[in-house]
Amino acid sequence: MESLLKKARECGFDACGVVPVDVLSRERERLERWIGQGFHAGMNYMANNIEKRENPALLVEGACSVIVTLTNYYTPKLQSEGIPVVARYAYGKDYHRVVKDRLFKLHTCLEEVTGRKITGRAFVDSAPVFEHEWARRAGLGWIGRNSLLIHPRLGSYCFIGVIISDFEPSRYSLPEERNFCGQCNRCVETCPTGALSSHEVNANLCISYNSIERKDDIPSEIKKKMGDRFFGCDACQEVCPWNRKAVLHHVEEFSPNEWLMRMSRDEWLALDEEAFQVRFKESPLQRPGLERIKHNL
Ligand code: SF4
Ligand code: SF4
């Protein structure tokens with residue numbers, strides 16, 4: 001276990017834990033209820049591969065553990081006043097590749113330490129995995145009323161990466177059984193669209209979903225509440241008291257894209273595809289693409 005934590009730090013992770021594989025029946029029930037209420041909006045993929053999401057041994061044959069890592073992406077630097085706003089996670093390069101490369105490195109390190117081949121797969125927010133629950137079980141924090149994982153030292157501006165494999169640690173991490181939200185309800189009260197209730201997000205109302213995932217027109221009642229945001233929303237993280245202690249990340253790839261930090265609405269609307277590709281080559285903004293960004297603006 002200590003060697004795993006040491007190797008995870010060497011690979012650039014800010015926190016790490018490891019838990020035995022288990023069948024997450026309670027989380028499956030919760031997810032099915034959430035989908036049944038229609039809260040997943042247009043994310044129909046959430047209903048796919050539910051058995052694999054519930055039981056990671058179906059994702060990786062012979063898996064016995066889930067290694068969970070956190071990568072801090074917080075920066076106190078903000079975009080210039082009055083320009084179109086994106087969520088902090090999109091300031092730099094796309095996190096999927098950055099975190100996955102680190103997970104591959106950790107995988108290799110573990111093979112060196114154990115002296116054997118480890119069969120496993122790395123996942124970063126792109127496969128049917130209950131990342132938040134695995135992180136909680138790995139002692140990396142609790143799930144807040146904003147539905148995000150909150151680490152007591154790092155806060156919630158963290159990416160979760162996991163390795164599901166046949167790695168067997170000398171001992172496992174202890175789960176976080178407590179929830180330190182207490183009487184606080186700030187995120188719920190602050191959410192501009194009322195998308196939060198009892199640790200759940202109604203994606204139909206969430207600005208993140210509407211500005212990034214949605215394919216059709218954004219409903220007018222959401223549009224009115226988006227303010228200057230055109231990609232994502234950090235409102236329910238900005239007010240969280242556990243983020244007051246957040247410190248600047250140390251990932252070069254997450255350094256803010258200077259275009260993004262100062263481009264005005266008019267400059268965005270005048271941008272052509274060629275310039276967009278040059279300026280935002282490896283950015284998370286590639287996901288919606290320029291046409292959708294202009295639509296949002
Ligand atoms: S991301 Fe924004 S819109 Fe979505 S739940 Fe949080 S505060 Fe509400
Ligand atoms: S703002 Fe308050 S209720 Fe919301 S996640 Fe943070 S501590 Fe929990």
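Note: the structure precedes this text.
Below is a summary of the structure that appears in this document. All residue numbers here refer to positions counted from 1 along the written sequence of the relevant chain. All chains are assigned letters beginning at A, and all ligands numbers beginning at 1, according to the order in which they are written. Only residues with pLDDT of at least 70 get local features here, since the model is predicted, and only at 80 or more are side-chain atom pairs given and counted; chain-wide, interface and lining totals rely on the full set of residues. Excluding hydrogens and water, the side-chain figures rest on all heavy atoms present in the structure.

Brief notes about the site of ligand 1
- Consider each residue's heavy atoms; a residue with any of them within 4 Å of a molecule or strand counts as near. As a matter of local geometry, ligand 1 sits amid C191, P192, T193, L196, C206, I207, S208, C233, A235 and C236.
- Only DSSP runs of H or I covering at least 4 residues are called helices, and only runs of E covering at least 2 are called strands; the numbering of each starts at the N terminus. Residue assignment for the shell around ligand 1 shows that the elements contributing at least two residues are α7 (207–213) and α9 (235–238).
- Ten residues, namely Ala, Val, Leu, Ile, Met, Phe, Trp, Tyr, Cys and Pro, are considered nonpolar, four, namely Asp, Glu, Lys and Arg, are considered charged, and the remaining ones, Gly among them, are considered polar. Residue composition of the shell around ligand 1, by class: eight nonpolar, two polar and no charged.

Focus on the packing of aromatic side chains
- Stacked, tilted and edge-to-face are the three classes applied to pairs of Phe, Tyr and Trp rings, where Trp contributes its six-membered ring and a pair requires centres within 6.5 Å; stacked means planes under 30 degrees apart, edge-to-face means over 60, and tilted covers the rest. According to the stated counting rule, one finds 15 aromatic pairs in the structure shown.
- Consider the rings of Y89 and Y95, whose centres lie 5.8 Å apart with planes at 85 degrees: the pair is edge-to-face.
- Under the relative-accessibility criterion, Y89 is labelled partly exposed at 22%.
- Only protein chains enter the accessibility calculation, which uses a 1.4 Å probe; a residue is then buried when its area is under 20% of its type maximum, exposed when over 50%, and partly exposed in between. Judged by its relative accessible area of 9%, Y95 is buried.
- An aromatic cluster of three or more residues is present, and its members are Y73, Y74, Y89, Y95, Y157, F159, F231 and F254.

As for the environment of D14
- Structurally, D14 is set in the loop between α1 (2–10) and β1 (15–20).
- Spatially, the C-alpha atom of D14 lies 8.3 Å from that of L154, the residues being 140 residues apart in sequence.
- For D14, the residues in contact, after removing those within four places along its chain, are L70, T71, N72, R153, L154 and H250.
- Pairing of N or O atoms within 3.5 Å defines a polar contact, subject to two protein rules: one partner must be a possible hydrogen donor and the other a possible acceptor, and residues neighboring in sequence count only if both atoms are side-chain atoms. Among the polar contacts listed, one links the side chain of D14 to the backbone nitrogen of N72, at a separation of 2.8 Å. Between two residues, a contact is recorded if the distance between any of their heavy atoms is within 4.5 Å.

Description of the site of ligand 2
- Residues in close proximity to ligand 2 include G144, R145, N146, I150, C181, C184, R186, C187, C240, P241 and W242, which together make up its full environment.
- Taken together, the residues of the shell around ligand 2 sort by class into seven nonpolar, two polar and two charged.

Notes on helix α4 (residues 95–114)
- Compared with the 28 Å implied by 1.5 Å per residue over 20 residues, the 28 Å span of α4 between its first and last C-alpha is a close match.
- A positive backbone phi angle near 70 degrees is found at G115, which sits one or two residues after α4. Helix span is expected to be 1.5 Å times the residue number reduced by one.

With respect to the pattern of salt bridges
- Take a side-chain nitrogen of Lys or Arg and a carboxyl oxygen of Asp or Glu: if they are within 4 Å of each other, that pair is a salt bridge. Inspection of every chain in the model, using the stated rule, returns 18 salt bridges.
- In this structure, E213 and R287 form a salt bridge, with 3.1 Å as the shortest nitrogen-oxygen distance. Here E213, found in helix α7, pairs with R287, found in the loop between α12 (273–279) and α13 (289–296); they are 74 residues apart in sequence, far enough to count as distant.
- Given the relative accessible area of 55%, R287 is considered exposed.
- In this structure, K223 engages D217 in a salt bridge whose closest nitrogen and oxygen atoms are separated by 3.5 Å.
- Among the charged side chains, a salt-bridge network with shared partners connects D22, E133, R136, R137 and E177.

A few points about the nonpolar core
- In this text, buried Ala, Val, Leu, Ile, Met, Phe, Trp, Tyr and Cys residues form a nonpolar core when linked through side-chain atoms within 4.5 Å. Counting residues in hydrophobic clusters, the biggest one holds 40 residues, and the most contacted among them are V68 and I164.
- Every element with two or more residues in this core is listed here: β1, α2 (25–36), β2 (65–72), α5 (131–137) and β7 (158–165).
- The dominant element in this core, judged by the number of residues it contributes, is β7, at four residues.
- Among the nonpolar cores identified, the runner-up in size contains 26 residues, and L4, F13, V18 and V98 belong to it.

Observations regarding the layout of surface pockets
- Taken as a whole, the second largest pocket encloses approximately 290 Å³ of empty space.
- Points on a 1 Å grid over protein atoms alone make up a cavity when a 1.4 Å probe fits among them but cannot get out, and a pocket when they form an open set with protein on both sides within 12 Å along at least five of seven lines; lining residues each have an atom within 4 Å of a point. Forming the walls of the second largest pocket are 18 residues, and the residues nearest its centre are L78, Q79, V85, Y91 and E238.
- Listing elements by their share of the lining of the second largest pocket, those giving two or more residues are β3 (85–86) and α9.
- A class-by-class count of the residues in the lining of the second largest pocket yields eight nonpolar, four polar and six charged. Grid points are joined across faces, edges and corners, and a volume is the space filled by probe spheres set on the points.

Comments concerning the environment of F130
- Relative to the assigned elements, F130 resides in the loop between β4 (120–123) and α5.
- Accessibility expressed as a relative area gives 13% for F130, which makes it buried.
- For F130, the contacting residues outside a window of four places in its chain are L24, E27, R28, L31, R53 and E54.

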